[in-house]
Amino acid sequence: MSPALSRADGSPVRVLVVDDEANIAELLQMALRFEGWDVTTAANGRSAVQAARDSRPDAIVLDVMLPDFDGLEVLRRIRAFAPDVPVVFLTARDAVEDRVRGLTAGGDDYVTKPFSLEEVVARLRGHLRRSGALEHQESHVLTVGDLTLDEDSHDVFRSGDEIALTATEFELLRYLMRNPKRVLSKAQILDRVWNYDFGGQANVVELYISYLRKKIDAGRTPMIHTKRGAGYVLKPGS
């Protein structure tokens, strides 16, 4: 899992999503908020320029085809007051000349519909890092309640007590801590922690959850909970 990003002052990354297709805008908004980012949306060029002026985003996802004027004109107007903000164009067009137009107009990247949400997030993360807006901003320590996990040193503590984990237990706990209070299915955990589908061996998740519980929850208020038929969730101990 990639470490969380925030602005240099510690506040959430700001991203403006511009797309007149409500379902696409909503999907992108959900995916980016899942990263912990502050997301503003706009459905046309005029409102996009105003939103960029008001919110001063750190990055923009911009659809080329909009109902009033196109994304290239939106970019031209935004560049007048935000010359350095990274812009990732989003469009159904995949012709080479359209890509060239977008990039030569000052765009930083180009993603063609249909797209992978993970790809859009990954590209935004790369541009945000390179933009310099996030200098000294990355926190590599995850905290949920009295549980802390350092993604660099791999140190894990609960209530100040150090907890020794195997590499797989660490990755599982990191995924749970990156998604506090969110129910994660066995399939999601298999995909994110083991990176492939175990097929009929989904009980490996149950096994490693039991390992974690013995180390994280033993003698303490439980943090790892089973949601019958849904998956597992990590919440601060009450």
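Everything here concerns the structure above.
Note that the structure is predicted; figures quoted are calculated from it, not measured.

Caption draft 1: Quick look at the sheet that holds strand 7 (residues 147-150). Strand order across the open sheet formed by 4 strands is 6-7-8-9, with antiparallel pairing between neighbours. Each of the sheet's edge strands pairs with one partner strand only, and the pair in question is strand 6 (141-144) and strand 9 (161-162). In this fold helix 6 (residues 167-178) packs onto strand 6, strand 7 and strand 8 (156-158), with an angle of close to 115° to the strand it touches most, strand 7.

Caption draft 2: View of unusual backbone geometry. Note that the residue after Lys113, namely Pro114, is joined by a cis bond; omega there is -10°. One can find Pro114 in the loop between strand 5 (109-112) and helix 5 (117-131). Residues other than glycine seldom take positive phi values, yet Ser159 does so here, at roughly 50°. Residue placement: Ser159 occurs in the loop between strand 8 and strand 9. Even without glycine at this site, Lys181 takes up a positive phi of about 65°. Within the element layout of this structure, Lys181 appears in the loop between helix 6 and helix 7 (186-194). Judged by relative accessible area, Lys181 falls into the exposed class, the value being 62%.

Calculation criteria
Residues numbered from 1 in each chain as written. Predicted model: local features only at pLDDT ≥ 70, side-chain atom pairs only at ≥ 80, totals over all residues. Heavy atoms only, no water. Pairing = 2+ DSSP bridges. Helix = DSSP H or I, 4+ residues; strand = E, 2+ residues; numbered from the N terminus. Contact = heavy atoms within 4.5 Å. Axes fitted to C-alpha atoms, helices over the stretch in contact; angles between N-to-C directions. Buried < 20%, exposed > 50% of the residue type's maximum accessible area, 1.4 Å probe, protein only.

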